[in-house]
Amino acid sequence: MDLRRRLGVAALVVAVCAATLTAAVEGFDILQILGKHDEFSQFCKLLNETHLAGDINRDRTITVLAVANGDMGHLTGGHYSLGTLRHILELHVVADYYDDKKLKQLSHAATAASTLFQRSGFAPGMAGYVNITQHRGGKVSFIVDDAADTVKPVTYVKQIESHRYDYSVLQVSGVLSSPEAEAPVAPPAPVNLTDILSKKYCKSFAGLLAADAKVFDTLNGTKDTALTVFCPVDAAVAAFMPKFKNLTAKAKTAILLYHAVPDYYSMQFLKSNKGKVTTLATTSVAKKDYTYEAESKEDTITLDTTVVTSTIQATVRDDDPLAVYAVSKFLQPKELFKTKTADLAPAPAPEAGPKKKKKKPSRGSAASAPSDESADGPSADDSSDDAADKAAAAPSSLFARWATMTVALAIALAA
């Protein structure tokens, strides 16, 4: 193989890596995809109400079998609880990639594919598997393995959207049926959030929540659907109280809501995923970000607000739809406090010449103090822009590593 051909192979590797990276960083939002098509509004609505949409978005190598409004049948009649509806919809989420081309390549054969219902742990035996069959003339049908003999398969209609080997959204002619998925699901037992927080680690934080009627009502109204609370341990609350007392009432509400996520994050999910966490403060405070980054390294889960980095110390509760984790530090948002980048800013270089300059105060001296806006809004530095720049730079940095490896490969091949 001559040098030109070797370099051509290296260039191809770069292109493949770039395509892979693009697929990895692209967002997947099933509600946004289906929202482009009015005929799937009811299916989309149920994905949202059952909180299945969030699980779909976090998964990869997945195929969603969407059903048009006119084919939803008994799913829209109010016959099922949200728990049962979720199980039925889970049958329509195949844990594998199938697009129009792959379905047509089945060559009159059948295959069994696992669904999210099978992975949920509520499907015994083969109940959570869907049999996919190609018939003469190219027709493709889907039927659940445990479907009754009288149930007719649903058929493939068309491809709605796909991203090769990543996700695919297909339309099918009707709702998949399964006795196990359609079985009644008992509603979750009522829980007292204050009691849960008070029993372990978070008694002081529970007191702060109870003292703010807006925060308490918001969390209490969310806990039975999907909620994750990161509660600072008592020592962390005590250490933060001097700052907390100096905040305005509006900022106190915002920072308490900042510790709650309107979604259920299991410990397993936190350990296997990383990324930006959207909080109740994000949805409650207009035009403010109020997010932080969650990451797991060697079984240690960190929450980085760019002001402080807090770690999960213990699991207080992890039972869908409610998760509560004790964290080592009070989470401080960049919207209210100076970021850690201020501490790391280099001091101004001394200017040459005999003329003395008035010494400027160090930026780091105010790094831990609330902003001049009485902690009601962002601090008067560029911390938000810095954080955005960091986020934008991350994919570039990853691509740079791929490029470096590729250059090394090219050199090795040329040798």
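Data block above holds the structure.
Here the residue numbering is sequential within each chain, running from 1 through the sequence in written order. Where local features are concerned, this predicted model is filtered to residues with pLDDT of at least 70; where side-chain atom pairs are given and counted, the filter is 80 or more; whole-chain, interface and lining totals use all residues. Side-chain numbers come from the whole structure's heavy atoms, not from hydrogens or water.

## Brief notes about the pairing of strand E12 (residues 300-304)
Burial along E12 is one-sided: the residues Ile301 and Leu303 are buried and none of Thr300, Thr302 and Asp304 is. Pairing of strand E11 (residues 291-297) with E12 involves 5 bridges; the strand directions are antiparallel. Looking at the pairing, Glu293 lines up with Asp304 of E12. Between any two strands, at least two bridges found by DSSP are needed for them to pair. Each helix corresponds to a stretch of at least 4 residues labelled H or I by DSSP, and each strand to a stretch of at least 2 residues labelled E; elements are numbered beginning at the N terminus. Hairpin connection, E11 to E12: the antiparallel pair is bridged by 2 residues, and Glu298 has positive phi, about 50 degrees. The hairpin formed by E12 and strand E13 (residues 309-319) contains 4 residues between the paired strands, and Thr306 there has a positive phi angle of roughly 75 degrees. We call a residue buried when its accessible area falls under 20% of the maximum for its residue type, exposed when it is over 50%, and partly exposed in between, using a 1.4 Å probe and counting protein chains only.

## Structural notes on helix H5 (residues 82-90)
Counting buried positions along H5 gives 7 out of 9 residues, so the element sits mostly inside the fold. Tucked into the core, H5 has its buried residues touching helix H3 (41-49), helix H4 (52-58), strand E2 (93-94) and helix H7 (116-119). Contacts between residues were defined by any pair of non-hydrogen atoms, one from each residue, lying within 4.5 Å.

## Overview of the state of the cysteines
Cysteine sulfur atoms are paired as a disulfide whenever they fall within 2.5 Å. For the coordinates displayed, the defined rule picks out 1 disulfide. Disulfide pairing places Cys202 opposite Cys231 at an S-S distance of 1.9 Å. Around the S-S axis, the bridge from Cys202 to Cys231 shows a dihedral of about 40 degrees and counts as right-handed. Taken together, the residues Cys202 in the loop between helix H8 (193-199) and helix H9 (203-211) and Cys231 in strand E8 (residues 227-232) connect sequence positions 29 residues apart. Residue class for Cys231 comes out buried when judged on its relative accessible area of 0%.

## Some points on the sheet that holds E12
Strand order in the open sheet made by the 7 strands is E9-E8-E14-E13-E12-E11-E10, with mixed pairing throughout. Of all the strands in the sheet, the pair left with one neighbour each is strand E9 (260-261) and strand E10 (275-278). Across 2 bridges, the pairing between E8 and E9 is antiparallel. Bridge assignment links Thr228 to a residue of E9, and that residue is Val261.

## Looking at the packing of H9 against helix H11 (residues 234-245)
All axes are obtained by fitting lines to C-alpha atoms, using only the stretch in contact for helices, and the reported angles, taken between N-to-C directions, cover 0 to 180 degrees. One way to put it is that H9 packs onto H11 with a least axis distance of 8 Å and a crossing angle of 45 degrees. The angle between H9 and H11 places the two elements in the oblique class. Here Lys203, Ser204, Phe205 and Leu208 of H9 lie close against H11, whose contacting residues are Asp234, Val237, Met241 and Phe244. We call Asp, Glu, Lys and Arg charged. Ala, Val, Leu, Ile, Met, Phe, Trp, Tyr, Cys and Pro are nonpolar, and the rest, Gly among them, are polar. Across the contact of H9 with H11, the residue classes break down as 5 nonpolar, 1 polar and 2 charged. In these notes the angle categories are as follows: under 35 degrees is roughly parallel, over 145 is roughly antiparallel, 65 to 115 is roughly perpendicular, and the rest is oblique.

## Comments concerning the sheet that holds strand E4 (residues 129-134)
Ordered in space as E2-E1-E7-E6-E5-E4-E3, the 7 strands form an open sheet in which the pairing is mixed. Each edge of the open sheet carries a strand with a single partner, namely E2 and strand E3 (110-114).

## Concerning the nonpolar core
Buried residues of nine kinds, namely Ala, Val, Leu, Ile, Met, Phe, Trp, Tyr and Cys, make up a nonpolar core once their side-chain atoms join them within 4.5 Å. Counting 59 residues, the largest nonpolar core has Phe205, Leu219 and Phe230 as its most contacted members. Counting residues per element, this core draws most heavily on strand E14 (residues 322-327), which supplies 6 residues. Ignoring sequence-local partners within four residues, the contact set of Phe230 consists of His259, Val261, Leu270, Tyr292, Leu303, Ile312, Tyr325, Val327 and Leu331.

## Re the packing of aromatic side chains
Working definition: rings of Phe, Tyr and Trp (its six-membered ring) pair if their centres are within 6.5 Å, and the pair is stacked with planes under 30 degrees apart, edge-to-face with planes over 60 apart, and tilted otherwise. Applying the stated criterion across every chain, the model contains 12 aromatic pairs. Consider the rings of Tyr97 and Tyr165, whose centres lie 5.9 Å apart with planes at 50 degrees: the pair is tilted. Remark: Tyr165 occurs in the loop between strand E6 (154-163) and strand E7 (167-172) and Tyr97 occurs in the loop between E2 and helix H6 (100-104); sequence separation between them is 68 residues. Put simply, the rings of Phe205, Phe240, Phe244, Phe330 and Phe337 touch in pairs and so form one group of aromatic residues. Either the NZ atom of lysine or the CZ atom of arginine qualifies as a charge over a ring when it sits within 6 Å of the ring centre and within 35 degrees of the ring normal. Against the face of Phe269 rests Arg58, its NZ or CZ located 4.5 Å from the ring centre.

## What about the environment of Phe43?
Positionally, Phe43 belongs in helix H3. Under the relative-accessibility criterion, Phe43 is labelled buried at 1%. Aside from chain neighbours lying at most four places away, what touches Phe43 is Leu34, Val64, Leu65, Ala66, Val67, Asn69, Met72, Leu89 and His92.

## Digging into the pairing of E14
Note on strand geometry: in a regular strand, side chains alternate between the two faces of the sheet. With 6 of its 6 residues buried, E14 lies for the most part within the structure. Side chains Leu322, Val324 and Ala326 of E14 all project onto a buried face; the interleaved residues Ala323, Tyr325 and Val327 project onto the opposite face, where all are buried too. With antiparallel pairing between neighbouring strands as the criterion, E13 and E14 make up a hairpin whose turn holds 2 residues.

## Describing the pattern of salt bridges
Salt bridge, as applied in this entry: a Lys or Arg side-chain nitrogen positioned within 4 Å of an Asp or Glu carboxyl oxygen. Summed over the entire model, instances satisfying the criterion amount to 15 salt bridges. Among the salt bridges present, the one from Asp99 reaches Arg164, with a minimum N-O distance of 3.0 Å. One end of the pair, Asp99, is in the loop between E2 and H6; the other, Arg164, is in the loop between E6 and E7, with 65 residues separating them in the sequence. Three or more residues are tied together by salt bridges with common partners; here these are Asp55, Arg58, Arg86, Glu90 and Asp263.

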